[in-house]
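Letter by letter, the chains look like this.
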Amino acid sequence: MPLIPDEALPMFENAIYFPMMITILENDRKIIESGPFKLKAPYLKIIEDALKLIRVESKQTNIYLTRNRMKVIKRQNDGTFTEYTFMHGGYEEHRRYMNLRLRNRTEELISVYFAMVEC
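Just so we're clear, the structure is a prediction, and the values are computed from it rather than from any experiment.

Caption draft 1: A look at the pairing of strand E3 (residues 91–98). Direction of pairing for strand E2 (residues 81–88) relative to E3: antiparallel, over a ladder of eight bridges. What sits directly across from Glu 83, in E3, is Arg 96. In this antiparallel pair of consecutive strands, E2 and E3, the connection spans two residues, and Gly 89 shows a positive phi of 60°.

In structure tokens:
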């Protein structure tokens, strides 16, 4: 039986993925701003709108983690896996995520947020 409740896992994973998405989209924004795009505004608007949504949800996640005395600590990255420690209720659980899975899931989530801002 895991020491971390199943309902807490999505919040822990949000704390992993939201910062990744923010970093990627901020870097992409810089590339578009300085790149040879003829029409930058539409791309920048999609990125900015997605960043706004992600930042709001990231803040809500951080508030939830703080209120419930939960913490995520990024440990080691061996090139193939990244290890995280999830702390909750005096317990620690170590989880290893394949970097390819982290990348693919981050890309998937960015697509979800882009779809949300297009509406």
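Caption draft 2: Just the packing of helix H2 (residues 41–67) against helix H3 (residues 99–118), in detail. Taken N-terminus to C-terminus, the directions of H2 and H3 make an angle of 110°; their axes are 9 Å apart at the nearest point. The angle between H2 and H3 falls in the class roughly perpendicular. Crossing of H2 against H3: the hand is right-handed. In contact with Ile 46, Ile 47, Asp 49, Ala 50, Leu 53, Ile 54 and Glu 57 of H2, H3 contributes Tyr 113, Phe 114, Met 116 and Val 117. Taken together, the residues of the contact of H2 with H3 sort by class into nine nonpolar, no polar and two charged.

Caption draft 3: The arrangement of the environment of Arg 95 in detail. With respect to the element layout, Arg 95 can be found in strand E3. Arg 95 sits in the partly exposed class, given a relative accessible area of 26%. When the C-alpha positions of Arg 95 and Phe 81 are compared, they lie 9.8 Å apart, and in sequence the two are 14 residues distant. The residues contacting Arg 95, other than those within four sequence positions of it, are Leu 9, Thr 82, Glu 83, Tyr 84 and Phe 86. Among the polar contacts listed, one links the side chain of Arg 95 to the side chain of Glu 93, at a separation of 2.7 Å.

Caption draft 4: How the structure looks around the pattern of salt bridges. Inspection of the entire model under this criterion finds five salt bridges. Asp 49 serves as the salt-bridge partner of Lys 45, at 2.7 Å between the closest nitrogen and oxygen. Of this pair, Lys 45 and Asp 49 are both found in helix H2, four residues apart, which corresponds to roughly one turn of the helix. Looking at Asp 49, the relative accessible area reads 18%, which means it is buried. Across the pair Arg 105 and Glu 108 runs a salt bridge, and its minimum N-O distance is 2.4 Å. Placement of both Arg 105 and Glu 108 in helix H3 is noted, with a separation of three residues, approximately one turn of the helix. Residue Arg 105 is classed as partly exposed on the basis of its relative accessible area, which comes to 31%. On the accessibility criterion, Glu 108 (44% relative accessible area) is partly exposed.

Caption draft 5: Region of interest: the packing of helix H1 (residues 9–34) against H3. Contact pair H1 / H3: the axes reach a minimum separation of 10 Å and the direction vectors enclose 70°. In terms of orientation, H1 and H3 fall into the roughly perpendicular class. Residues Glu 13, Ile 16, Tyr 17, Phe 18, Met 20, Met 21, Ile 24 and Leu 25 of H1 lie in contact with H3, whose contacting residues are Arg 101, Leu 102, Arg 105, Thr 106, Leu 109, Ile 110, Tyr 113 and Phe 114. When its residues are assigned to classes, the contact of H1 with H3 shows twelve nonpolar, one polar and three charged.

So, how was this worked out
- Residues numbered from 1 in each chain as written.
- Predicted model: local features only at pLDDT ≥ 70, side-chain atom pairs only at ≥ 80, totals over all residues.
- Heavy atoms only, no water.
- Pairing = 2+ DSSP bridges.
- Helix = DSSP H or I, 4+ residues; strand = E, 2+ residues; numbered from the N terminus.
- Axes fitted to C-alpha atoms, helices over the stretch in contact; angles between N-to-C directions.
- Parallel < 35°, antiparallel > 145°, perpendicular 65-115°, else oblique.
- Left-handed = near helix turned anticlockwise from the far one by under 90°.
- Contact = heavy atoms within 4.5 Å.
- Nonpolar A, V, L, I, M, F, W, Y, C, P; charged D, E, K, R; others polar.
- Buried < 20%, exposed > 50% of the residue type's maximum accessible area, 1.4 Å probe, protein only.
- Polar contact = N/O pair within 3.5 Å; in protein donor to acceptor, adjacent residues only side chain to side chain.
- Salt bridge = Lys/Arg side-chain N within 4 Å of Asp/Glu carboxyl O.

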